[in-house]
Amino acid sequence: SGSMRGRTAALEAAVPGYLSGVPAAERVQLVRFAQVTQALMEDFSGDPAVLARAIEGQFPADGATAVIDAVLRGLALTETRVGRRAIVVFTDGQDTASEAVDGEVWRRVAGAGTRIYAIGLGEDLMNYGRRTAGTGHQFLGNLAGLTNGRYYYARVASDLAPIFEDIARDLRAPPSYEHRASAATGLGSLRVVSVGERIPSLTPPRFELVLDASGSM
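Keep in mind the model is a prediction, meaning the values are calculated, not measured. (Residues numbered from 1 in each chain as written. Predicted model: local features only at pLDDT ≥ 70, side-chain atom pairs only at ≥ 80, totals over all residues. Heavy atoms only, no water.)

Draft legend 1. Highlighting the sheet that holds strand 4 (residues 115–121). Reading across the sheet, the 3 strands line up as 3-4-7 and stay open at both edges, with parallel pairing between neighbours. Strands at the two margins of the open sheet, each flanked by one partner only, are strand 3 (86–91) and strand 7 (150–154). Mean inter-strand twist for the sheet, computed between neighbouring axes without regard to direction, equals 10 degrees. Here 6 bridges tie strand 3 to strand 4, and the two strands are oriented parallel to one another. Its bridge partner lying in strand 4, Thr91 is registered against Gly120. Of the strands in this sheet, strand 3 and strand 4 are in contact with helix 3 (residues 67–78), which crosses strand 3 at around 160 degrees. (Pairing = 2+ DSSP bridges. Helix = DSSP H or I, 4+ residues; strand = E, 2+ residues; numbered from the N terminus. Axes fitted to C-alpha atoms, helices over the stretch in contact; angles between N-to-C directions. Contact = heavy atoms within 4.5 Å.)

Shown next, in the form of structure tokens:
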């Protein structure tokens, strides 16, 4: 949007750095937003060369800021994808142009199962916004908190590159899962607790416990 004038150079450096490390199994879509939102590719891609071409010339700073609409567009694009889903959203100011209202984004986010990594840049985020009924800083933090994601605040544009690097490490780290079984000390029932993020494509619908109930126990 227009509020990014004079600060796009750092973003232009940080985003290609993130995309260049996309592994073969990862699929990415890119959405640009100002007054309106625009998906930069027809479909998701895991090819760094395709992603690099998609962002060429896509950093002009003009127009208003429709961050709520952009988040909803991201949710719509990712909702049919299988596996770990995440959205990385970046903005430097308050929402000034979305057609949707913040109540809609909270309803969609809560049931989406998509983790949101939010990045906010600059002091304008501390201003109150009518569309989000709070500051931009609060809005981004709530987005991340509600989805078990993370919120990063960049005071200046030069802070963006390490933030994108940290998000890449977090997203590309192997997921870990654990099943813990706890049993009563005497006769009783067995309770199984599942810990971790459920991924339908990876989590089996059932698992078996093989227990030693012999006299030696």
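Draft legend 2. Spatial organisation of the side chain of Thr8. Along the chain, the position of Thr8 falls in helix 1 (residues 8–20). Owing to a relative accessible area of 17%, Thr8 belongs among the buried residues under this scheme. With residues near it in sequence (within four places) discarded, Thr8 still touches Phe59 and Ala61. (Buried < 20%, exposed > 50% of the residue type's maximum accessible area, 1.4 Å probe, protein only.)

Draft legend 3. Representation of the packing of helix 1 against helix 6 (residues 160–172). Between helix 1 and helix 6, whose axes approach to 9 Å, the crossing angle comes to 20 degrees. The angle between the axes of helix 1 and helix 6 places the two elements in the roughly parallel class. Seen along the crossing, helix 1 lies across helix 6 with a hand that is right-handed. Every residue of helix 6 that contacts helix 1 at Ala10, Leu11, Ala14, Val15 and Tyr18 is listed here: Leu160, Ala161, Phe164, Ile167, Ala168, Leu171 and Arg172. (Parallel < 35°, antiparallel > 145°, perpendicular 65-115°, else oblique. Left-handed = near helix turned anticlockwise from the far one by under 90°.)

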